[in-house]
Amino acid sequence: MTTPTAPRPGRRRFKTFRAVSALTLREMESTYGQSPGGYLWTILEPAAGIALLSVVFSLVLRSPALGTNFAYFFATGILPFMLYTGVSAKMAQSIQYSRPLLAYPALTFTDALLARFLLNSVTQLLVMLLVIVGIILFYNLRPIIDWPSLFLGLAMLLALTASVGVMNCYLTSRFPIWGQIWAVLNRPMFILSGILFIPENVPARFRDWFMLNPVAHITSQIRKGFFITYDAVYVQPVYVFVISCVLGIFGMLFLLKNYQFILQR
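Summarised in this report is the structure supplied together with it. Per chain, the residues get numbers from 1 upward, laid out in the order the sequence is written. Given that the model is predicted, a residue must reach a pLDDT of at least 70 before its local features are reported, and side-chain atom pairs must reach 80 or more before they are shown or counted; all residues, however, enter totals for whole chains, interfaces and linings. Neither water nor hydrogens contribute to the side-chain values; these are computed over all heavy atoms in the structure.

**Comments concerning the overall build of the protein**
A tally of helices and strands in the protein yields eleven helices and zero strands. For the protein, the α and β elements follow one another from N to C terminus as α-α-α-α-α-α-α-α-α-α-α. Looking at the protein residue by residue over its 265 residues, the buried ones come to 44%. Across the protein, contacts joining residues at least 24 apart in sequence account for 77% of those joining residues at least 6 apart. By the criteria applied, helices consist of DSSP H or I runs no shorter than four residues and strands consist of E runs no shorter than two, each listed in order from the N terminus. Under the scheme applied here, a residue whose accessible area is under 20% of the maximum for its type counts as buried, over 50% as exposed, and between as partly exposed, the area being computed with a 1.4 Å probe on protein chains only. In this analysis, two residues are considered to be in contact whenever any of their non-hydrogen atoms come within 4.5 Å of each other.

**Let's talk about the packing of helix α5 (residues 109–138) against helix α11 (residues 237–264)**
For any two helices packed against each other, the geometry comes down to the angle between their axes and how far apart the axes lie. What counts as an axis is a line fitted to C-alpha atoms, over the stretch in contact for a helix, and the angles between N-to-C directions run from 0 to 180 degrees. As a packed pair, α5 and α11 sit with axes 11 Å apart at the nearest point and diverge in direction by 140 degrees. Accordingly, the angle class assigned to the pair α5 and α11 is oblique. Across the interface between the two elements, Phe109, Thr110 and Leu113 from α5 touch Met252, Leu255, Leu256 and Tyr259 from α11. Split into classes, the residues belonging to the contact of α5 with α11 amount to six nonpolar, one polar and no charged. Just so you know how the angles are binned, under 35 degrees is roughly parallel, over 145 roughly antiparallel, 65 to 115 roughly perpendicular, and the rest oblique. Three categories are distinguished: nonpolar for Ala, Val, Leu, Ile, Met, Phe, Trp, Tyr, Cys and Pro, charged for Asp, Glu, Lys and Arg, and polar for the others, with Gly belonging to the last.

**Some points on the packing of α5 against helix α6 (residues 147–174)**
At a minimum axis separation of 11 Å, α5 and α6 run at an interaxial angle of 145 degrees. When you trace α5 past α6, the crossing you get is right-handed. Together, Leu113, Phe117, Ser121, Leu125 and Met128 of α5 and Leu154, Leu157, Leu158, Ala162, Val166 and Cys169 of α6 make up the contact between the two elements. Here the contact of α5 with α6 is built from residues that sort into ten nonpolar, one polar and no charged. By convention, the crossing between two helices is left-handed when the near helix turns anticlockwise from the far helix through less than a right angle, and right-handed when the turn is clockwise.

**Let's talk about the environment of Leu119**
Structurally, the position occupied by Leu119 is in helix α5. Separated by 96 residues in sequence, Leu119 and Leu23 have C-alpha atoms that sit 9.6 Å apart.

**Remarks on the packing of aromatic side chains**
Here the aromatic set is Phe, Tyr and Trp, taking the six-membered ring for Trp, and pairing holds for ring centres within 6.5 Å; pairs whose planes are under 30 degrees apart are stacked, those over 60 apart are edge-to-face, and all others are tilted. Per the counting criterion, the structure on display carries 15 aromatic pairs. Counting every residue linked through ring pairs, the aromatic cluster contains Phe57, Phe70, Tyr72, Phe73, Phe74, Phe226 and Phe227. Only when the NZ of Lys or the CZ of Arg is both within 6 Å of the ring centre and within 35 degrees of the ring normal is a charge said to sit over the ring. Sitting above the plane of the Phe73 ring, Arg223 keeps its charged end 3.8 Å from the centroid.

**Considerations on the environment of Phe261**
Among the structural elements, Phe261 can be located in helix α11. Taking relative accessible area as the criterion, Phe261 reaches 42% and is therefore assigned partly exposed. Put simply, Phe261 and Arg174 are 87 residues apart on the chain and 8.7 Å apart in space, counted from C-alpha to C-alpha.

**Topic: the nonpolar core**
In terms of nonpolar packing, the biggest core is built from 62 residues, with Ile50, Tyr72, Leu79, Ile132, Ile135, Leu157 and Leu255 touching the most fellow members. Going through the elements one at a time, α1 (15–31), α2 (39–60), α3 (70–92), α5, α6, α10 (214–226) and α11 are the ones with two or more residues in this core. The element contributing the most residues to this core is α3, with 13 residues. Among residues more than four places away in sequence, those in contact with Ile132 are Tyr72, Ala75, Leu79 and Phe226. The nonpolar core is taken to be a set of buried Ala, Val, Leu, Ile, Met, Phe, Trp, Tyr and Cys residues, with the residues joined through side-chain atoms within 4.5 Å.

**Considerations on a nonpolar patch on the surface**
Patch definition: residues with relative accessible area over 30% and no salt bridge; like charges joined within 9 Å; nonpolar side chains (Val, Leu, Ile, Met, Phe, Trp, Tyr) joined within 5 Å. Each accessible area is a Shrake-Rupley estimate made with a 1.4 Å probe; only the visible protein chains count as cover when residues are assessed. Whenever Lys or Arg places a side-chain nitrogen within 4 Å of a carboxyl oxygen from Asp or Glu, that contact is recorded as a salt bridge. A cluster of nonpolar side chains, contributed by Val238, Val242, Val246, Ile249, Phe250, Leu253, Phe254 and Leu256, occupies part of the molecular surface with about 740 Å² of accessible area. For Phe254, the location among the structural elements is in helix α11. Owing to a relative accessible area of 31%, Phe254 belongs among the partly exposed residues under this scheme.

**Section: unusual backbone geometry**
One non-glycine residue with positive phi stands out, namely Asn140, at about 55 degrees. In this structure, Asn140 sits in the loop between α5 and α6. Its identity as a non-glycine residue notwithstanding, Ala232 has a phi of 50 degrees, on the positive side.

**Some points on the side chain of Thr161**
Within the fold, Thr161 resides in helix α6. Using a relative accessible area of 0% as the deciding quantity, one classes Thr161 as buried. Once residues within four sequence positions are removed from consideration, Thr161 is found in contact with Leu83, Tyr84, Val87, Ser88 and Met91.

**Points about α10**
Expected helix span is given by 1.5 Å per residue-to-residue step, counting one fewer step than there are residues. With 13 residues, α10 extends 19 Å from end C-alpha to end C-alpha; this agrees with the ideal 18 Å at 1.5 Å per step. Buried residues dominate α10, accounting for twelve of its 13 residues. Every buried residue of α10 is listed here: Pro214, Val215, Ala216, His217, Ile218, Thr219, Ser220, Gln221, Ile222, Arg223, Gly225 and Phe226.

Coordinates in, geometry out; function isn't part of it.
Encoded structure:
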């Protein structure tokens, strides 16, 4: 009688790491490897938008709400906003994008979510770094960076982005029309997120409503890191993290409960 061979220790070790790595490489090839310009376009697109806004506003205003350089001011608002919208949108399509692969037991929806979040977040953070450093060098600026405030702002940004992405992944997979509804709801966010101005310039009777938007807190907190003299007195990091936790937890619970139903549709 043949004795069954014991499985090798560690054969299934790092399963999640391998799955996420494979999905990340697939995402890199399909998103950036086949489009003209690839990664270059991800840098040129925000740079062009920042340049256009800088030219337009410099013709109307003498100086931005913070500092003296329009490009630097707009970059510190536009780039975090692009990370939030871009990464959360990618995460919302995680199940649809990887549906054929998710039929295999070795892969789960958490692998697909994590792969898209990691790749696109790192990409956007590198774009943010390159564009802002480029602006600093081009205009010969000498900013004093408040690193703790900046890192706190980035932590708030990544937390909210991940949680919105998880919740939208469930809603988009369960109710396909949600993608269109979210696109309509998100259109005014560029104005309501404090990219073109700071909360301190909003009339007092509207400011409380304005600060209900967690992205406005993130924009101001990140600008506090880039502008050493900016206090950002209306920012509440706890508010952003609580919203992120609630959205993330409920999004994961809904996905766990409805995952098989979504795959069989």
